[in-house]
Amino acid sequence: MSNKTDERTLDEEELLSSLAWLKKVAGVDDEYLERWSTLEWRQWHVAMRSRRDEPCPSVPAWMQPLMPEWSWDFSLPWPCVAQLWPTSHDWFSEAREREGFRLEVEEPSEGWAPTLAQLEEAWGIAARAGAAPQLSMNVLPAVTRAGEDVELSGVFGAIEGFYIAASPTNQAVRDELEATLRRAGARPIGPLTGEPVLAWEWLYG
């Protein structure tokens, strides 16, 4: 009969096996993985091993029904527990109202990226105009650190793309968004390639 020690050992072995797979497919090493805590990687591992037709187990309960399609790619080289590619939910409102949830912009190593304030303003402009705004967003564990102690403190959304419906009736909206985001909209080249949307993407291409 298995005991708790056996279960913990099995969990650790499974996590190490998953991380070995990630190192192989993502081309990273142990030093790179150590940028994140074991606690964060464990949340990634739990999500990766879960059934895709069930709610993501690594996000708060309130969040689960808001992301019916949450699992796409676990070979990303960071402990991402869900990929919302895309999501039409207003996560900006959730970030204002929910404790333990925040948003940030996933920034490239160089080049243009909008600020979070610009994206929130753009979302409001598009939503009020009925232009069907969407985000491309990764969800990751959030932790707090006190010395060597690490604790889960919720999750955060890392935004990597903004989209609106590519409709001729949205030309005025497009002009306003381009002024707000300080960047011209373009055809999508990320997760929504080929979709009828106008894209502001800063991590692809």
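Just above, that's the structure.
Residues numbered from 1 in each chain as written. Predicted model: local features only at pLDDT ≥ 70, side-chain atom pairs only at ≥ 80, totals over all residues. Heavy atoms only, no water.

> Mind laying out the packing of aromatic side chains, listing which residues take part and the relevant values?
A complete count under the given rule lists 9 aromatic pairs for this structure. Ring geometry for Trp36 versus Trp41: centroids 5.7 Å apart, planes at 80°, classification edge-to-face. With centroids separated by 5.7 Å and ring planes inclined at 85°, the aromatic side chains of Trp112 and Trp202 adopt a geometry described as edge-to-face. With Trp112 in the loop between β2 (101-105) and α5 (116-128) and Trp202 in the segment after β5 (197-201), this residue pair connects regions lying 90 residues apart in the sequence. On the accessibility criterion, Trp112 (18% relative accessible area) is buried. The rings of Tyr32, Trp36, Trp41 and Trp44 are connected pair by pair, giving a single aromatic cluster. (Phe/Tyr/Trp six-rings, centres within 6.5 Å; stacked < 30°, edge-to-face > 60°. Helix = DSSP H or I, 4+ residues; strand = E, 2+ residues; numbered from the N terminus. Buried < 20%, exposed > 50% of the residue type's maximum accessible area, 1.4 Å probe, protein only.)

> Would you mind going over the state of the cysteines in detail, with residue names and values included?
Tallied over the full model, the rule gives 0 disulfides. A disulfide-free cysteine, Cys56 has its sulfur positioned 9.0 Å from the sulfur of Cys80, the nearest such atom. (Disulfide = S-S within 2.5 Å.)

> Please provide a residue-by-residue account of the side chain of Glu160, values included.
Along the chain, the position of Glu160 falls in strand β4 (residues 149-165). Buried within the structure, Glu160 lacks any salt-bridge partner; Arg102 is the closest side chain of opposite charge, at an N-O distance of 15 Å. A polar atom in the side chain of Glu160 sits 3.1 Å from the side chain of Asn138. When near neighbours in sequence (up to four residues on either side) are disregarded, Glu160 contacts Trp85, Glu106, Ser136, Asn138, Glu201, Trp202, Leu203 and Tyr204. (Lys, Arg positive; Asp, Glu negative; His and termini not counted. Salt bridge = Lys/Arg side-chain N within 4 Å of Asp/Glu carboxyl O. Polar contact = N/O pair within 3.5 Å; in protein donor to acceptor, adjacent residues only side chain to side chain. Contact = heavy atoms within 4.5 Å.)

> Could you give me a rundown of the environment of Ser58, with the residues and numbers involved?
Relative to the helices and strands, Ser58 resides in the loop between α3 (38-48) and β1 (82-87). Taking relative accessible area as the criterion, Ser58 reaches 7% and is therefore assigned buried. Here the alpha-carbon distance between Ser58 and Trp44, two residues 14 residues apart in the chain, equals 7.5 Å. A distance of 2.8 Å separates the side chain of Ser58 from the backbone oxygen of Gln43, its partner in a polar contact.

> Give me the pairing of β5: which residues, what numbers.
The two faces of a sheet get side chains in turn, since along a regular strand they alternate between them. For β5, the buried fraction is high: 5 of the 5 residues fall into the buried class. Neither face of β5 is exposed, since Val197, Ala199 and Glu201 on one face and Leu198 and Trp200 on the opposite face are all buried. Here β4 pairs with β5 via 5 bridges, running antiparallel. Bridge pairing in β5 links Ile164 to Leu198. (Pairing = 2+ DSSP bridges.)

> How would you explain the pairing of strand β3 (residues 134-146) if you had to name every residue and give the values?
Taken together, the 4 bridges between β1 and β3 define a ladder with antiparallel strand orientation. By the bridge assignment, Thr87 is partnered in β3 with Leu135. Sheet topology note: the β3/β4 ladder contains 13 bridges and is antiparallel. What sits directly across from Asn138, in β4, is Ala158. The turn joining β3 and β4, which pair antiparallel and follow one another in sequence, is formed by 2 residues; a positive phi near 70° is taken by Gly147.

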